[in-house]
Amino acid sequence: MPIYEYRCEACGHEMEALQKMSDAALTDCPKCQQAELVKKISAVGFRLKGGGWYETDFKSGKQKNLAGGSDQKKPASGGKSESAPAASAS
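The residue numbers shown here count from 1 along each chain, following its written sequence. Since the coordinates come from a predicted model, pLDDT governs what is reported: local features require at least 70, and pairs of side-chain atoms require 80 or more to be given and counted, while whole-chain, interface and lining totals use all residues. Side-chain measures were taken over the full set of non-hydrogen atoms in the model, leaving aside hydrogen atoms and water.

(A) Representation of the overall build of the chain within the structure. Runs of H or I in DSSP of at least four residues are treated as helices and runs of E of at least two as strands, each being numbered from the N terminus. Within the chain, the regular secondary structure consists of one helix and three strands. Counting helices and strands in the order they occur from the N terminus, the chain gives β-β-β-α. For each residue, the accessible area found with a 1.4 Å probe, counting protein chains only, is set against the maximum for its type, and the residue is called buried under 20%, exposed over 50%, and partly exposed in between. The buried share of the chain, taken over its 90 residues, is 11%. Carbon and sulfur atoms provide 52% of the accessible area of the chain, an area that totals close to 8100 Å². Working definition of accessibility: Shrake-Rupley area with a 1.4 Å probe, residue cover restricted to the visible protein chains.

Have a look at this one:
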């Protein structure tokens, strides 16, 4: 459940409340008993940062990159596949 911050417009009292997202906002200040409580907008308690955290956190075995691309074998230089030499016509 998220923690919401409230501030009373009448007395300036600030508080936090643990509520469900579906719960109605609180209105009565516990300090002055006035119906002046206003929900504040605040930052979240955690932050996801960095690129590709989902790739590195859930890999298994010897996988290096779950998104593909860098793990796949690339053809030899020139992009040509090796094959038997063609017979020359003499």
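From this point, things continue past the structure.
(B) Region of interest: the side chain of Gln-19. Relative to the elements of secondary structure, Gln-19 occurs in the loop between strand 2 (14–18) and strand 3 (37–39). Here a polar contact means two N or O atoms within 3.5 Å. Within protein one must be a hydrogen donor candidate and the other an acceptor candidate, and residues neighboring in sequence count only if both atoms are side-chain atoms. Within the structure, the side chain of Gln-19 is placed 2.6 Å from the side chain of Tyr-6, a separation counted as a polar contact. Should any heavy atoms of two residues lie within 4.5 Å, those residues are counted as being in contact. Not counting chain neighbours up to four residues away, the residues in contact with Gln-19 comprise Met-1, Pro-2, Tyr-4, Tyr-6, Ala-24 and Leu-26.

(C) The arrangement of the pattern of salt bridges in detail. Salt-bridge detection follows one rule: a side-chain nitrogen of Lys or Arg within 4 Å of a carboxyl oxygen of Asp or Glu. Applying the stated criterion across every chain yields a total of three salt bridges. Ionic pairing is found between Lys-40 and Glu-5, a salt bridge with its closest N-O pair at 3.7 Å. Of this pair, Lys-40 sits in the loop between strand 3 and helix 1 (53–57) while Glu-5 sits in strand 1 (residues 3–8), and the two are 35 residues apart along the sequence. Taking the relative accessible area as the measure of exposure, Lys-40 reaches 29% and is therefore partly exposed. Residue Glu-5 is classed as partly exposed on the basis of its relative accessible area, which comes to 23%. The partner of Glu-14 in a salt bridge is Lys-40, with the nearest N and O atoms 3.4 Å apart. Taken as a pair, Glu-14 in strand 2 and Lys-40 in the loop between strand 3 and helix 1 lie far apart in primary sequence, 26 residues in all. Several salt bridges converge on common partners, so that one network encompasses Glu-5, Arg-7, Glu-14 and Lys-40.

(D) Representation of the sheet that holds strand 3. DSSP calls a pair of strands paired once it identifies at least 2 bridges connecting them. Taken in spatial order, the three strands of this open sheet run 2-1-3, and their pairing is antiparallel. At either end of the open sheet lies a strand with only one pairing partner, and these are strand 2 and strand 3. The average angle at which neighbouring strand axes cross in this sheet is 35°, direction not considered. In this structure, strand 1 lies alongside strand 2, joined through five bridges in antiparallel fashion. Residue pairing in the sheet places Tyr-6 in a bridge with Met-15 of strand 2. Throughout, an axis means a line fitted to C-alpha atoms (over the contacting stretch in the case of helices), and angles, computed between N-to-C directions, take values from 0 to 180 degrees.

Shape descriptors only; they carry no functional weight alone.
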